[in-house]
Amino acid sequence: MKRFLLFIVFAAFVSPALVSAGESGAEILKARCASCHDLKGPAPATIRQLWKRDAPDLFYAGNKFRREWLVAWLQKPVRIRPAGVNYLRTINSTPTHQEKTKKGRKYDVLWGAVLKPLKHVTLSKQDAGAVADALMDLKPHTALVAGVTLDTSKKVSLDAGEVIFDKVYGCTSCHQIEPGYGGYTGAELYTAGKRLQPAFMLSYIKRPKNWDPKIWMPNLHVSPDDLQKITNYLILLSKEDFSESN
Ligand code: HEC
Ligand code: HEC
């Protein structure tokens with residue numbers, strides 16, 4: 001009887017809390033993500049701080065990501081940066097360690113053949129949705145994207161886009177536009193159109209250091225016309241199916 005009473009007490013007072021208290025997105029972020037990711041900002045202000053960063057900053061996630069992508073990725077995280085977040089630890093770019101591609105270009109080579117698959121927290125569908133909402137609320141850089149819009153009249157074909165991206169500005173030296181094709185320093189960009197908001201891409205490519213003052217992506221002084229074309233190209237590129245070559 002005593003036990004039964006205890007159960008009643010438990011059921012009445014404790015379980016509603018347990019059932020209804022599914023952690024909120026913001027709570028999950030604080031408890032399970034903040035140990036690695038910066039959720040408050042500002043971005044590293046010195047090179048020393050930059051090299052201490054082990055996970056991408058998320059404090060301006062709401063200005064950067066597409067929500068649908070976040071929800072999907074958090075349930076099935078995969079590596080986005082072929083050399084990891086901190087390429088100095090993984091890439092050896094001394095001349096003897098560069099490899100020539102079929103087209104004769106030279107690329108840096110990773111120390112190991114390929115980094116191990118990313119081990120990352122995986123969330124349930126429900127938690128991924130809640131966390132994505134909480135991340136989309138983090139918008140300290142709205143001023144950087146205010147009035148920045150994609151001009152879809154500047155669409156280009158994949159071939160024309162690749163010429164601008166690769167030959168004109170040399171973006172391929174740091175970014176992959178196909179799994180295994182391109183440099184290792186930056187994030188893969190064949191998925192950028194799915195991951196990133198167009199306004200973020202336009203603003204970041206125009207002046208990367210507005211977002212991340214010590215990041216090693218240079219300002220390549222992309223003309224306004226080419227900026228639109230490159231962003232349209234990246235969106236078109238991410239519609240390609242790369243699963244076979246993965
Ligand atoms: C042990 C450290 C660690 C923890 C804890 C962690 N992450 Fe990460 N996260 C990483 C690393 C490292 C990457 C970079 C993966 C890559 O690109 O190679 C990453 C990448 C991401 C990305 C992609 C961001 C981008 O700019 O490419 C998102 C979104 C993300 N994490 C969200 C979360 C969330 C939400 C949590 C908590 C539920 C979390 N992470 C917990 C280390 C961590
Ligand atoms: C010297 C190497 C380098 C070159 C050249 C370079 N980038 Fe980057 N790029 C980076 C690095 C490093 C980042 C930051 C990645 C990160 O946050 O981990 C970056 C980030 C980006 C991002 C945001 C990606 C993301 O997922 O956060 C875009 C878009 C981008 N670059 C486009 C370009 C374009 C377009 C060009 C050519 C005009 C270019 N980059 C040239 C190194 C480079």
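Conventions and cut-offs
- Along each chain, residue indices are assigned from 1 in the same order as the chain's sequence is written.
- Naming scheme: in the order in which they are written, chains are lettered from A and ligands are numbered from 1.
- Local features are withheld for residues below a pLDDT of 70 in this predicted model, meaning they are given only at 70 or higher, and side-chain atom pairs are given and counted only at 80 or more; totals for whole chains, interfaces and linings count all residues.
- To obtain the side-chain values, all non-hydrogen atoms of the structure were used and water was disregarded.
- Each helix corresponds to a stretch of at least 4 residues labelled H or I by DSSP, and each strand to a stretch of at least 2 residues labelled E; elements are numbered beginning at the N terminus.
- Burial classification: accessible surface area is computed with a 1.4 Å probe over protein chains only, and a residue below 20% of its type maximum counts as buried, one above 50% as exposed, and the rest as partly exposed.
- Should any heavy atoms of two residues lie within 4.5 Å, those residues are considered in contact.
- Think of the donor list as every N, O and S atom within 2.8 Å of the metal, or within 3.2 Å for Na, K and Ca; water never makes the list, so a site can look incomplete.
- Geometry is assigned from the angles between donors: four donors with all angles from 85 to 135 degrees make a tetrahedral site, four or six donors whose opposite pairs exceed 155 degrees while the rest stay between 65 and 115 make square planar or octahedral sites respectively, and everything else is labelled irregular.
- Throughout this document, a residue counts as near a molecule or strand when at least one of its heavy atoms sits within 4 Å of that molecule or strand.
- Side-chain classes follow a simple rule in which Ala, Val, Leu, Ile, Met, Phe, Trp, Tyr, Cys and Pro form the nonpolar group, Asp, Glu, Lys and Arg form the charged group, and the remainder, Gly included, forms the polar group.
- The definition of a nonpolar core used throughout is a set of buried Ala, Val, Leu, Ile, Met, Phe, Trp, Tyr and Cys residues joined through side-chain atoms within 4.5 Å.
- These domain boundaries are the output of an automatic or database domain assignment.
- Each salt bridge in this description consists of a side-chain nitrogen of Lys or Arg and a carboxyl oxygen of Asp or Glu lying within 4 Å of one another.
- Working definition: rings of Phe, Tyr and Trp (its six-membered ring) pair if their centres are within 6.5 Å, and the pair is stacked with planes under 30 degrees apart, edge-to-face with planes over 60 apart, and tilted otherwise.

Trainee: Whenever I open this one, the overall build of the chain confuses me. Can you help?
Mentor: The secondary structure content of the chain amounts to 11 helices and six strands. By residue count, 40% of the 246 residues in the chain fall in the buried class. Long-range pairs, those at least 24 residues apart, make up 68% of the contacts in the chain with a sequence separation of at least 6.

Trainee: How should I be thinking about the coordination of the iron atom of ligand 2 in this particular structure?
Mentor: Each pair of donors in an ideal four-coordinate tetrahedral metal site encloses 109.5 degrees, whereas pairs in an ideal six-coordinate octahedral site enclose 90 or 180 degrees. Protein-derived ligands of the iron atom of ligand 2 are His175 (NE2) and Met217 (SD), with the metal-ligand distances lying across 2.0 to 2.2 Å. Between the six donor atoms coordinating the iron atom of ligand 2, the angles at the centre fall across 86 to 178°, so the site counts as octahedral. Taken as a pair, His175 in the loop between helix 8 (158-168) and strand 5 (176-178) and Met217 in the loop between helix 10 (198-206) and helix 11 (224-237) lie far apart in primary sequence, 42 residues in all. Each member of the pair, His175 as well as Met217, carries the same accessibility label: buried.

Trainee: Before we go on, may I ask you to explain the coordination of the iron atom of ligand 1 in this structure?
Mentor: Protein-derived ligands of the iron atom of ligand 1 are His37 (NE2) and His120 (NE2), with the metal-ligand distances lying across 1.9 to 2.0 Å. Here the iron atom of ligand 1 is ringed by six donor atoms whose angles at the metal span 88 to 179°, and the overall shape comes out octahedral. Of this pair, His37 sits in the loop between helix 2 (25-33) and helix 3 (47-52) while His120 sits in the loop between strand 4 (109-110) and helix 6 (125-136), placing them 83 residues apart in sequence. Look at His37 and you get buried, because its relative accessible area is 14%. A residue is classified by how much of its surface remains accessible, and His120, at 29% relative accessible area, is partly exposed.

Trainee: Looking at this structure, how should I read the site of ligand 2?
Mentor: The full set close to ligand 2 counts 23 residues, and Cys171, Cys174, His175, Arg195 and Met217 are the nearest of them. Counted by class, the shell around ligand 2 contains 16 nonpolar, four polar and three charged residues.

Trainee: Sorry if this is basic, but what is going on with the nonpolar core here?
Mentor: Soluble globular proteins tend to bury their nonpolar side chains together. Ranked by size, the top nonpolar core spans 54 residues in total, and within it Leu135, Phe165, Ile230 and Leu234 carry the most contacts. Secondary-structure elements contributing two or more residues to this core are helix 2, helix 5 (67-75), helix 6, helix 8, helix 10 and helix 11. If you count residues domain by domain, this core takes at least three from each of domain 1 (23-77 + 120-140) and domain 2 (142-246). The contacts of Leu135, once residues within four sequence positions are left out, are Leu29, Leu39, Leu58, Ala61, Gly62 and Leu70.

Trainee: What is the right way to look at helix 10 in this model?
Mentor: The element helix 10 is extensively covered by neighbouring structure, given that seven of its nine residues are classed as buried. Within the span of helix 10, buried status applies to Ala199, Phe200, Met201, Leu202, Ser203, Tyr204 and Ile205. Lining the buried residues of helix 10 we find helix 4 (61-64), helix 7 (142-145), helix 9 (192-195) and helix 11.

Trainee: Even after reading the chapter, I still don't get the pattern of salt bridges, so can you show me in this structure?
Mentor: Once their charged atoms are close, side chains differing in charge can pair, the charge on each being opposite to the other. Scanning all chains against the criterion turns up seven salt bridges. When the shortest N-O distance is used, the salt bridge between Asp212 and Arg53 registers 2.9 Å. Of the two residues, Asp212 is situated in the loop between helix 10 and helix 11 and Arg53 in the loop between helix 3 and helix 4; the sequence distance between them amounts to 159 residues. Under the relative-accessibility criterion, Arg53 is labelled buried at 14%. Notably, a salt bridge pairs Glu68 with Arg66, separated by 3.3 Å at the nearest N-O pair. On the basis of relative accessibility, which here comes to 30%, the residue Arg66 falls in the partly exposed class. Among the charged side chains, a salt-bridge network with shared partners connects Asp151, Lys154, Asp225 and Lys229.

Trainee: What exactly am I supposed to notice about the packing of aromatic side chains here?
Mentor: The geometry of an aromatic ring pair comes down to the distance between the two centres and the angle between the two planes. Counted by the stated rule, this structure contains 10 aromatic pairs. Here Tyr60 and Trp211 contribute two aromatic rings whose centre-to-centre distance is 5.2 Å and whose plane-to-plane angle is 55°, an arrangement assigned as tilted. Of the two residues, Tyr60 is situated in the loop between helix 3 and helix 4 and Trp211 in the loop between helix 10 and helix 11; the sequence distance between them amounts to 151 residues. Judged by relative accessible area, Tyr60 falls into the buried class, the value being 5%. Three or more aromatic residues link up through ring pairs in this structure, and these residues are Phe59, Tyr60, Phe200, Tyr204 and Trp211.

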